[in-house]
Structure formats: structure tokens, C-alpha cells
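Spelled out from the first residue to the last, the chains are:
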Amino acid sequence: MNTQKLVGVGVFLIAVFGIVPWLISVTGRWDFYYTLTSVALLSIASAGVWLTFYIGRINIGQGAYALAGGYVSAILTTQAGFSFWATLPLAGLFCAGLSILIGLPILRLRGVYFAMVTLVLTEVGRLAALALPVTNGAKGITSIPLPGELSIFGLTLIPDFATLENPKLAFYLVAAFLMVICYAALYRIVNSRLGHLCRSLQQNEELSASIGVNTAYLRVLAYSISSFFGGIAGAMFVAISQSIYPSSFQVTDSVNFMLNCFLGGLGYVFGPMLGTLMLYFGWDLLFTAGRFQLLIYSSLLIILMLFLPNGVLSLFERKGGRK
Amino acid sequence: MTPILQVKGVTKRFGGLTANNDISFDVAEREILSVIGPNGAGKSTLFKLIASFLRTTSGEVLLKGRRISNLAPHKVARLGVVRTFQETTIFRSMTVRENIIVAHHLRSKASLLGFFLGTKQARSDEAEFGASADEIIDFLGMGAIRDEFASNLPQGHLRALGMAIGLATNPTVLLLDEPFAGMNHDETMRMVANVRRLRDERGVTVLLVEHDMPAVMKISDRIVVINFGEKIAEGTPAEIQANEKVIEAYLGSEDAAIGM
Ligand SMILES: Nc1ncnc2c1ncn2[C@@H]1O[C@H](COP(=O)(O)OP(=O)(O)O)[C@@H](O)[C@H]1O
Ligand SMILES: [Mg+2]
């Protein structure tokens, strides 16, 4: 990492953890915490989708893993007495495991076939949540307790959310922290050998195999990391809303995760984060347009993709460069 | 001398079409062997079978006595049998150097997790790959296009890059499918010299499919001729040029006359 990048990261961290909370306390717009927390979590799920794009697969199934992760956390906290903080990684791991089982057969598909199957996956997730006894059908799981205290060796890292004066701020900080960790991991993946191999897979699977890459293994690995991101994002969401229903994550969410990646730029690690922010705020800003909201929104998206096929971040790209 | 590679009675059918019919031949270590034949004769299919990109219908391929047919392609590559493609295949959106570096995958000692964490082993691997890539670039005389994106390269350079990618895997047997296609005379002669040096300096056994007959005659120790999926001749360049069946096969097709 060069100095320019380090400065960029520093500014970003100060903005997220310092300036935003300060601005919100000055302006009194506490509702923004919920919005920004959502953006942070949605951008984690989108980061996962982005990684599947990176191996050359269009993933419209992230909603299924967000839903699964949410249910894992909800069930473990309400029925098995787990601390929320333990369920967070467990939700991620559960989704990673599930995605290995699902990915093994479907990752052989390419292009529109893979995309279609993943799209169906989201719907299967919703139907499973409706049908399974453990998920409590359409009534969902409600009154999920707020996250408790997280301490290691008697040292309190995170206080019990129920005792906090301002849990909104706490949720925002946790979500932003998770987002930073996930994007740091993604950045590392992309800039290490794993990322180079993923790119080789995206550009030419056959050649990749002929230079000795175990392409099947690599695809499943990338997909399971992607689903891990989806799972923890879902679990965190559930902790905030304290409830989950089969409709908590649907096909539209899956499609939005994918759009976030397109919008921000598939060639940029931070593309999905920017895409999520723009899409989320764009939708809200258009609220005043009333019944034309969806029409204007969709038209703008189409125009953006036509004129900036490599995403918004490509605007800042120097000629011939990358990332 | 025991052969390094043995092709034993290999047959491949695509539905009703028999692309390879009971083909057998041996390849000696450090040999340069060319497979020639008219278009559609089944040469590329044979290479795909050897590198295990296709499953044989019957017959088998042995590397140093060990059966390699029908293993996963990346496993065969791991054992040292690596193929370049007839259709130019490179990683388009990477530079020449990045293409070659990524192809060093088989040589990594660190695990993917190690690379993620940036362990000492991973860093020394990366440094080694970079140095080795530069060496290959110099070996093939590609220094001027080191940082060029592969998608910007002309056909001749793409072929050279294909070979560089093959080389990066450190193969014991390298299969080159039409390595001189799209090259002018000078480029071809340079590549012929490079293939020779590959064998002489690095001890690589080379199998190649090529239509450029002067180049084939110049470079090959031995030649195997295939027509309609069957092996019709095998021998030294001089023997092949004098072979009745071969002349007949070539006269009967649109391919240029055999010989120099
Ligand atoms: N995957 C495939 N499916 C069906 N037929 C194939 C396939 N690959 C090659 N063939 C057929 O096998 C024959 C030999 O092809 P190929 O090995 O590419 O010939 P060559 O490389 O000698 O020009 C051709 O008739 C070709 O159409
Ligand atoms: Mg061919």
C-alpha cells in the first residue's frame, strides 16, 4: 500500500467513525443511523456478490444466504440461548457450509444459467422458511433480544445493548466496523494470489485449469466466502430489527445486491460499497416522486449502465490503469 | 531408453464421429515430436486427450509409466504435462507479466491462506514468481511488451505469450497446438529456435501440432502423421517426406504440399 492509499483509508475511517456520528449529533437526525447501518450491512452482502462476479459468475442469490444467516442467529439466540455475538460468526459459517453443498453442483453452470439458478435459490429460501417448523412459518421469529455483552477475559468489549442509552449509535458502529473488516478482507483477497487466481478463472477457465488451478475448488471457495458475507449481514440485520420473516430478504434484495456491484463497478473492490450507498439514497431521494419513483429509478439505472458500463468508479480511473 | 510419454491405443468418439482411432506412439525424453495432418484429422483432439481435457473412449496415456488419462486436467498439469491451445488462450485483461506470474501457480509453496495473510513463504514465493517471469520474458525475447495488456497484443505475440504461460508451469512435457500460427517468417524462425532452446537448456519434452511444414521439418526429431483420426505414419522428417501414404493424404487435401 502506498501513502496515497493509506491517507485514503485514514480519511475514510475518520469519516465513518468520527465525522458521521458528530454530524448526526449536531443535526439531531438520529434516523440517519438506521439508514447508514443498513447501507453498511447491505454493502457487506454486496461485497460477497462482487466476489462471485470476480470468478465470472452472476450471483442473484445472496438474499437466500442473508435470510439463512438471519434465521440461524434468530433461532440460536431465541431457542438455544446463544449470545448474539457467538451467532454472528456461526451464521456466516453456516451459510459458507450451505453454499458449499449448493455450489458444488451449480457452480459448474455459467453465464445466464448460473444466474437463473441463483435467482431461484432466493425463492427457495423464502419457501423453506415458510415451510420448516424451526423457522415458525409466516409468523416468523419476533421479540429477539438485543445483543448482550461481549467480553473476553472479563474485559468488556461491547456493553449489553439493552443497557445502552443510544443503541442506534452502537448498531451503527458495529455495522460500520464489520463493513470495514469485510472490505479489508476482500481487498486482501483480491490483491493476493487468491484474487489473481479468481481473475484467471473469470477470464479463462480452461486455461486456468491447464496451468494447474483446481478450478472447481477455487469456485466453491470464492462462493463460500461470498455466502459467509451474506450470512453475517443477515444475522446483523435481524439483531437490529429484532425479528425475521420469510419475506425479510427476497428476490428484489438479491437483485439489488447485484445492482450495487454493477453500479459501483465490478473492477473495484470498493465498488459495491459505493453502489449500495448510491442505490439506497437514490431510492430514498426519489420518494418525493411518488408513483413515478420506480420508473425514474429504473430509467436512471439503465442510463447509468449504458454510459458507465464499468461502474461509477471508472470515472476516476486514470487511463489504462486498474483498481 | 524408456519413453517419457506413451500413447496406447487411444480412441475418441464424438457421437458417431471417430476423431481419434486407436492411436499409439511413444515419445522419448527430451524429444521434439510433431503431430501433423490435414485440418480436422484429429490432432487437437489428441492433445486434449493427452492433457486429459477430454476423456478417452478407450485406450490410455502413460507418463513415465503412470496412467494420466481421465485425471482432472489440473492434476495432469501438476504431474508436468501442460498444453497450450490452438485457439489463442491467454488472460486478456492482465499484462504479459501478470499472465506469466499467475501461471506460476503450480510452483507455490505457500497456501492460499498464507498468501492472504502475507506470510514469509508467500512473500518469497511472489518474489520468486516475479523473477522467474522476468526470466521467461527474456528467454522468449518479450521484454518490449512486458507491461502490455494481453488484449492489445498482435497474433504473433499472443502465441509467444501462450508458450510463456506454458513454460511458467515448469512442464516436463509441453504440448504446443499450432504455436507458429499467425506468425511471419522471422517470428516463426525465432520461435523455432526458442523451442529448441527449451529442450536443450531446460530439458523439456515438446509435442507440437503445426501446419508450417518447413518449420516442422526443421524442428522435429520425429513426426507422427494423422489422417481421418488414424495414425498413418511415424518417423524422422526425411522418412515422412518420402512416405507414399503421407504424400497421398496431403495431395488429397487442401493443405499445402509437404516438404521444404
Ligand atoms: N467437442 C467436440 N464435439 C464433437 N466433435 C468434435 C469435438 N472436437 C472435435 N470434434 C471433431 O473431431 C474432428 C477432429 O477435430 P480436431 O481434433 O480439432 O482436428 P484438427 O486439430 O486435426 O484440425 C473434427 O471433425 C471435429 O469436428
Ligand atoms: Mg486443431
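Residues numbered from 1 in each chain as written. Chains lettered and ligands numbered in written order. Predicted model: local features only at pLDDT ≥ 70, side-chain atom pairs only at ≥ 80, totals over all residues. Heavy atoms only, no water.

### Comments concerning the overall build of chain A
(1) Moving on: On a plain count of helices and strands, chain A comes out with twelve helices and two strands.
(2) Moving on: Reading the helices (α) and strands (β) of chain A from amino to carboxyl end gives α-α-α-α-α-β-β-α-α-α-α-α-α-α.
(3) Moving on: Radius of gyration (C-alpha) of chain A: 20 Å, near the 20 Å computed for a compact globule of 323 residues.
(4) Moving on: In chain A, which comprises 323 residues, the share counted as buried stands at 48%.
(5) Moving on: Counting contacts in chain A only where the partners sit at least 6 residues apart, residues at least 24 apart contribute 77% of the total.
(6) Moving on: When the accessible surface of chain A is totalled, it reaches about 15,000 Å², and 70% of it is carbon and sulfur. (Helix = DSSP H or I, 4+ residues; strand = E, 2+ residues; numbered from the N terminus. Rg over C-alpha atoms; globule rule 2.2 N^0.38 Å. Buried < 20%, exposed > 50% of the residue type's maximum accessible area, 1.4 Å probe, protein only. Contact = heavy atoms within 4.5 Å. Areas by Shrake-Rupley, 256 points an atom, 1.4 Å probe, with all protein chains shown as cover.)

### Some thoughts on the nonpolar core
(1) Moving on: Judged by nonpolar contacts, the single largest core of 149 residues is most densely connected at Leu5, Leu161 and Leu207 of chain B.
(2) Moving on: Residues in contact with Leu207 of chain B, not counting those within four places in the same chain, are Leu5, Phe25, Val27, Leu33, Phe47, Ile50, Val173, Leu174, Leu175 and Leu176 of chain B. (Core = buried A, V, L, I, M, F, W, Y, C linked by side-chain atoms within 4.5 Å.)

### With respect to the interface of chain B and chain A
Accessible area lost on assembly of the parts is the figure often given for the size of an interface.
(1) Moving on: The interface of chain B with chain A comprises 32 residues on the first partner and 26 residues on the second.
(2) Moving on: Summed over both partners, the interface of chain B with chain A buries about 2,400 Å², with 63% contributed by carbon and sulfur atoms.
(3) Moving on: Looking only at chain B, the three residues that lose the most surface to chain A are Phe91, Leu112 and Phe116 of chain B, adding up to 27% of its buried area.
(4) Moving on: On inspection of chain B and its partner chain A, the count reaches two salt bridges.
(5) Moving on: With a closest N to O distance of 4.0 Å, Arg83 of chain B and Glu206 of chain A form a salt bridge.
(6) Moving on: Between the two partners, chain B and chain A, sit eight residue pairs in polar contact (both at pLDDT 80 or more).
(7) Moving on: Only helix H2 (73-79), strand E6 (81-83), helix H3 (96-102), helix H4 (112-117) and helix H5 (120-139) of chain B provide two or more residues apiece to the side of chain B that touches chain A.
(8) Moving on: When its residues are assigned to classes, the side of chain B that touches chain A shows 19 nonpolar, eight polar and five charged. (Buried area = accessible area lost by both parts, 1.4 Å probe. Salt bridge = Lys/Arg side-chain N within 4 Å of Asp/Glu carboxyl O. Polar contact = N/O pair within 3.5 Å; in protein donor to acceptor, adjacent residues only side chain to side chain. Nonpolar A, V, L, I, M, F, W, Y, C, P; charged D, E, K, R; others polar.)

### Some remarks on the environment of Asp125 of chain B
Residue and element names in this part refer to chain B.
(1) Moving on: Within the element layout of this structure, Asp125 appears in helix H5.
(2) Moving on: Residue classification places Asp125 among the buried residues on the basis of a relative accessible area of 0%.
(3) Moving on: For the pair Asp125 and Ala110, spaced 15 residues apart in the sequence, the C-alpha separation amounts to 7.2 Å.
(4) Moving on: Residues within four places of Asp125 in sequence aside, it is in contact with Ser108, Lys109, Ala110 and Phe115.
(5) Moving on: Polar contacts involving the side chain of Asp125 include one to the main-chain amide nitrogen of Lys109, which spans 2.7 Å.

### Some thoughts on helix H5 (residues 111-131) of chain A
(1) Moving on: Taking 1.5 Å of rise per residue, 21 residues should cover 30 Å, and H5 of chain A covers 31 Å from first to last C-alpha, within 8% of that figure.
(2) Moving on: Next to the buried residues of H5 of chain A lie helix H3 (62-79), helix H4 (84-106), helix H9 (215-241) and helix H10 (251-264) of chain A. (Expected span 1.5 Å × (residues − 1).)

### A short note on the site of ligand 1
Residues and elements named next belong to chain B.
(1) Moving on: In the vicinity of ligand 1, the contacting residues are Phe14, Leu17, Ala19, Asn39, Gly40, Ala41, Gly42, Lys43, Ser44 and Thr45.
(2) Moving on: Separating an oxygen atom of ligand 1 from a side-chain N or O atom of Ser44 is a distance of 2.8 Å.
(3) Moving on: When ligand 1 is considered free in solution it has 560 Å² of accessible area, and contact with the protein chains removes 61% of it.
(4) Moving on: Elements supplying a minimum of two residues to the shell around ligand 1: strand E2 (17-27) and helix H1 (43-50).
(5) Moving on: Residue contributions to the shell around ligand 1 peak at three residues, all from H1.
(6) Moving on: Split into classes, the residues belonging to the shell around ligand 1 amount to four nonpolar, five polar and one charged. (Near = heavy atom within 4 Å.)

### Regarding the confidence of the model for chain A
(1) Moving on: Scored by pLDDT, chain A has a mean of 89; 98% of the residues are at 70 or more.
(2) Moving on: Predicted confidence for residues 319-323 of chain A stays below pLDDT 50, and this span has 13 contacts to residues more than four positions away or in other chains. (pLDDT = per-residue confidence, 0-100.)

### Observations concerning the confidence of the model for chain B
(1) Moving on: Averaged over chain B, the pLDDT score is 90; the fraction of residues at 70 or greater is 95%.
(2) Moving on: Here the complex is predicted with pTM 0.87, and the ipTM for its interfaces comes to 0.83.

### Overview of the sheet that holds strand E3 (residues 32-36) of chain B
Residue and element names in this part refer to chain B.
(1) Moving on: On the basis of which strands lie adjacent, the open sheet formed by six strands has the order E6-E7-E8-E3-E9-E10 and mixed pairing. With partners counted over all chains shown, the strands left at the sheet margins are E6 and strand E10 (230-235), one partner each. Across the sheet, the mean angle separating the axes of adjacent strands is 15° when strand polarity is ignored. (Pairing = 2+ DSSP bridges. Axes fitted to C-alpha atoms, helices over the stretch in contact; angles between N-to-C directions.)

### Focus on the side chain of Thr35 of chain A
(1) Moving on: Within the secondary structure, Thr35 of chain A is located in helix H2 (residues 31-54).
(2) Moving on: At 3.4 Å, the side chain of Thr35 of chain A and the backbone oxygen of Asp31 of chain A are in polar contact.

### Structural notes on the pattern of salt bridges
(1) Moving on: For the structure on display, the rule yields 19 salt bridges over all chains.
(2) Moving on: With a closest N to O distance of 3.6 Å, Arg199 of chain A and Glu98 of chain B form a salt bridge. With Arg199 of chain A in helix H7 (residues 193-203) and Glu98 of chain B in helix H3, the pair connects residues from two separate chains.
(3) Moving on: Salt-bridge contacts for Glu60 of chain B lead to Arg67 of chain B; the nearest nitrogen and oxygen are separated by 2.8 Å.
(4) Moving on: Using a relative accessible area of 23% as the deciding quantity, one classes Glu60 of chain B as partly exposed.
(5) Moving on: Put simply, Arg57, Arg110, Glu205 and Arg219 of chain A are held in one network by salt bridges that share partners.

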